[in-house]
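Spelled out, the chains give:
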Amino acid sequence: MADKHLTDNLKGNYFSSERKDMKFLKGFTLIALLPLWAGYAFALYNGDNNNLSNYSLLILAFSLMNFNALCGVEKIENKALNLIAKMDGVLFFVWALVTVVQLLIK
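Cut-offs applied
- Residues numbered from 1 in each chain as written.
- Predicted model: local features only at pLDDT ≥ 70, side-chain atom pairs only at ≥ 80, totals over all residues.
- Heavy atoms only, no water.
- Helix = DSSP H or I, 4+ residues; strand = E, 2+ residues; numbered from the N terminus.
- Buried < 20%, exposed > 50% of the residue type's maximum accessible area, 1.4 Å probe, protein only.
- Contact = heavy atoms within 4.5 Å.
- Areas by Shrake-Rupley, 256 points an atom, 1.4 Å probe, with all protein chains shown as cover.
- Core = buried A, V, L, I, M, F, W, Y, C linked by side-chain atoms within 4.5 Å.
- Phe/Tyr/Trp six-rings, centres within 6.5 Å; stacked < 30°, edge-to-face > 60°.
- Patch = residues over 30% accessible without salt bridge, like charges linked within 9 Å, V, L, I, M, F, W, Y side chains within 5 Å.
- Salt bridge = Lys/Arg side-chain N within 4 Å of Asp/Glu carboxyl O.

1. Here's the deal with the overall build of the protein
Logical step 1: What the protein contains, in helices and strands, is six helices and zero strands.
Logical step 2: Burial statistics for the protein: of 106 residues in total, 26% are counted as buried.
Logical step 3: By sequence separation, contacts in the protein at least 24 residues apart represent 59% of the contacts at least 6 residues apart.
Logical step 4: Working note: accessible area of the protein is about 8000 Å², and carbon and sulfur atoms make up 68% of it.

If you want it as structure tokens, here you go:
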């Protein structure tokens, strides 16, 4: 039993199969990023700095959880989630670039 588990790990089967609960979590966080971006845009429009920082931290945490999907390294089987991941990835990198430029200007 232990030998089979060891040989499966050496073949790469352990890391290639993703657990079902992790797939659900990845899908949930990708979909949850959409209202977070909308909340961030609304807080930016209203000029509410407290909400901006809260949304920024949530966006950063959820984006880092899905970094492989957002960068395009990992392709998701569901086409809708794959499109959402690409859109979230573009928004994340634009947001990071603008944040760095704002910090350099101040």
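Here the narrative resumes, following the displayed structure.
2. Here's the deal with the nonpolar core
Logical step 1: In this structure, Ala 32, Leu 33, Leu 36, Trp 37, Tyr 40, Ala 43, Leu 52, Ile 59, Phe 62, Phe 92 and Trp 95 together form the largest nonpolar core, which totals eleven residues.
Logical step 2: With six residues, the top contributor of residues to this core is helix H3 (residues 20–46).
Logical step 3: Those residues in contact with Leu 52 that sit more than four places away from it in its chain are Tyr 40, Ala 43 and Leu 44.

3. Focus: the packing of aromatic side chains
Logical step 1: If you walk through the whole model with that rule in mind, you get five aromatic pairs.
Logical step 2: Measuring from ring centre to ring centre gives 6.2 Å for Trp 37 and Tyr 40, while their planes differ by 85°; the resulting arrangement is edge-to-face. With Trp 37 and Tyr 40 both in helix H3 and three residues apart, the pair spans about one turn of that helix.
Logical step 3: Residue classification places Trp 37 among the buried residues on the basis of a relative accessible area of 9%.
Logical step 4: You can call Tyr 40 buried: its relative accessible area is 16%.

4. Regarding a nonpolar patch on the surface
Logical step 1: Residues Met 22, Phe 24, Leu 25, Phe 28 and Met 65 make up a contiguous nonpolar surface patch of roughly 520 Å² in combined accessible area.
Logical step 2: The leading source of residues in the nonpolar patch is H3, at four residues.
Logical step 3: Its place among the elements puts Leu 25 in helix H3.
Logical step 4: Among the residues examined, Leu 25 registers a relative accessible area of 34% and is labelled partly exposed.

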